[in-house]
Amino acid sequence: DAMVIQNPRYQVTQFGKPVTLSCSQTLNHNVMYWYQQKSSQAPKLLFHYYDKDFNNEADTPDNFQSRRPNTSFCFLDIRSPGLGDAAMYLCATSRRQGLTDTQYFGPGTRLTVL
Amino acid sequence: GDSVTQMEGPVTLSEEAFLTINCTYTATGYPSLFWYVQYPGEGLQLLLKATKADDKGSNKGFEATYRKETTSFHLEKGSVQVSDSAVYFCALSSNTGNQFYFGTGTSLTVIP
């Protein structure tokens, strides 16, 4: 089945130690998104790629970066994780640009910062 | 700015009960509105959507009508099942298509 895969499902890192979260998709969608969801809060869009074009949300901290080496993969890099970055990170894809298009989500990676 | 406010949970219902989860929005112009559902251990998936006023989205027995006059998009189902137990998220896409906002989610548990 075509799907969005996130690895790992659970990630533990230390304060200040860089960490990378991975997302891959078999849907061949043009757009990939990263969301941050803290406990009992709404998922918050961090950034998205339309093909190779990177679109950063205005309030996404500089500590968060992303890479998309090809259509199938997208990475979220947190350069110096703080305790406040502990959250569920959700990857999503859509066929077309424009956030009115249906998004397909992976199961998420839960990040713990010690 | 644009935002979505949804009914706080958790909600617990008996099987075959009627479900309403309230969602209201604040937006400029004519946003698109969505309900996403997250079953235990799975990613969010689109349940239904509506892109203009008075549109009704429906899927799997769930319905929601885009009401511009009350800025609402309430989710309803006439008879819930145990398998409907999940977290439900209301969401909005701005009329420019450049911004997307989720509500905080409402947890639903249906008991036999």
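Owing to the predicted nature of the structure, the values given are computational and were not obtained by experimental measurement. (Residues numbered from 1 in each chain as written. Chains lettered and ligands numbered in written order. Predicted model: local features only at pLDDT ≥ 70, side-chain atom pairs only at ≥ 80, totals over all residues. Heavy atoms only, no water.)

Student: What am I meant to see in the overall build of chain A here?
Tutor: Each helix and strand in chain A was counted, giving 0 helices and 11 strands. Mapped in sequence order, the helices and strands of chain A form the string β-β-β-β-β-β-β-β-β-β-β. Here chain A has a C-alpha radius of gyration of 13 Å; the compact-globule value for 114 residues is 13 Å, and the two agree. On the principal axes, the C-alpha backbone points of chain A span a range of 35 × 30 × 30 Å. The proportion of buried residues among the 114 residues of chain A is 50%. Residue pairs at least 24 apart in sequence account for 57% of intrachain contacts in chain A once pairs closer than 6 positions are excluded. In the structure as shown, chain A presents an accessible area of about 5,600 Å², 48% of it carried by carbon and sulfur atoms. For chain A, the separation between the mean place of its 11 positive charges and that of its 9 negative charges on side chains is 6 Å. (Helix = DSSP H or I, 4+ residues; strand = E, 2+ residues; numbered from the N terminus. Rg over C-alpha atoms; globule rule 2.2 N^0.38 Å. Buried < 20%, exposed > 50% of the residue type's maximum accessible area, 1.4 Å probe, protein only. Contact = heavy atoms within 4.5 Å. Areas by Shrake-Rupley, 256 points an atom, 1.4 Å probe, with all protein chains shown as cover. Lys, Arg positive; Asp, Glu negative; His and termini not counted. Charge placed at Lys NZ, Arg CZ, Asp CG, Glu CD.)

Student: Even after reading the chapter, I still don't get the nonpolar core, so can you show me in this structure?
Tutor: Counting residues in hydrophobic clusters, the biggest one holds 26 residues, and the most contacted among them are B:Trp35, B:Leu47, B:Leu48, B:Phe73, B:Leu75 and B:Tyr88. If you list the elements that add at least two residues to this core, you get β2 (11-14), β3 (19-21), β4 (23-26), β5 (32-38), β6 (44-50), β8 (62-65), β10 (86-93) and β12 (106-111) of chain B. For B:Phe73, the contacting residues outside a window of four places in its chain are B:Cys23, B:Leu33, B:Phe34, B:Trp35, B:Leu48, B:Lys49, B:Ala50, B:Ala64, B:Thr65 and B:Tyr66. Within the second largest apolar cluster, 18 residues are counted, among which are A:Leu76, A:Ala87, A:Cys91 and A:Leu111. (Core = buried A, V, L, I, M, F, W, Y, C linked by side-chain atoms within 4.5 Å.)

Student: What should I look at first to understand the interface of chain B and chain A in this one?
Tutor: Many structure descriptions define interface size as the accessible area lost when the parts assemble. In this complex, chain B contributes 18 residues to the contact, which on the side of chain A involves 17 residues. Summed over both sides, the interface between chain B and chain A buries roughly 1,400 Å², with carbon and sulfur atoms accounting for 56% of that surface. When the buried area of chain B at its contact with chain A is split by residue, B:Leu44, B:Phe100 and B:Phe102 rank highest and sum to 34% of it. At the boundary of chain B and chain A, one finds 0 salt bridges. (Buried area = accessible area lost by both parts, 1.4 Å probe. Salt bridge = Lys/Arg side-chain N within 4 Å of Asp/Glu carboxyl O.)

Student: How do you make sense of the sheet that holds strand β7 (residues 64-67) of chain A when you look at a structure like this?
Tutor: Hydrogen bonding along the main chain pairs the strands of a sheet, whether they run parallel or antiparallel. Residue and element names in this part refer to chain A. Read across the sheet, 4 strands follow the order β1-β3-β8-β7 without closing on themselves; strand pairing throughout is antiparallel. The strands lining the two open edges of the sheet, one partner per strand, are β1 (4-7) and β7. Here the strands of the sheet are splayed against their neighbours by 20° on average, with no regard to which way each runs. Where β1 and strand β3 (residues 19-25) come together, 4 bridges link them in antiparallel fashion. Bridge pairing in β3 places Val4 opposite Gln25. (Pairing = 2+ DSSP bridges. Axes fitted to C-alpha atoms, helices over the stretch in contact; angles between N-to-C directions.)

Student: Hey, could you run me through the packing of aromatic side chains in this one?
Tutor: Applying the stated criterion across every chain, the model contains 16 aromatic pairs over all chains. Both rings, one in B:Phe100 and one in B:Phe102, keep their centres 5.2 Å apart while their planes meet at 70°; by these two values the pair is edge-to-face. For B:Phe102, a relative accessible area of 6% puts it in the buried group. Here a set of aromatic residues connected by ring pairs shows up, and it is made of A:Tyr33, A:Tyr35, A:Phe105, B:Phe34, B:Tyr36, B:Phe89, B:Phe100 and B:Phe102. (Phe/Tyr/Trp six-rings, centres within 6.5 Å; stacked < 30°, edge-to-face > 60°.)

Student: Would you mind going over the environment of A:Thr60 with me for this structure?
Tutor: Residue and element names in this part refer to chain A. On the secondary structure map, Thr60 appears in the loop between β6 (53-56) and β7. C-alpha of Thr60 to C-alpha of Gly16: the two residues are 44 residues apart in sequence and 18 Å apart in space. Residues contacting Thr60, with those up to four places away along its chain left out, are Leu45, Leu46 and Phe47. A distance of 2.6 Å separates a polar atom in the side chain of Thr60 from the backbone oxygen of Leu46. (Polar contact = N/O pair within 3.5 Å; in protein donor to acceptor, adjacent residues only side chain to side chain.)

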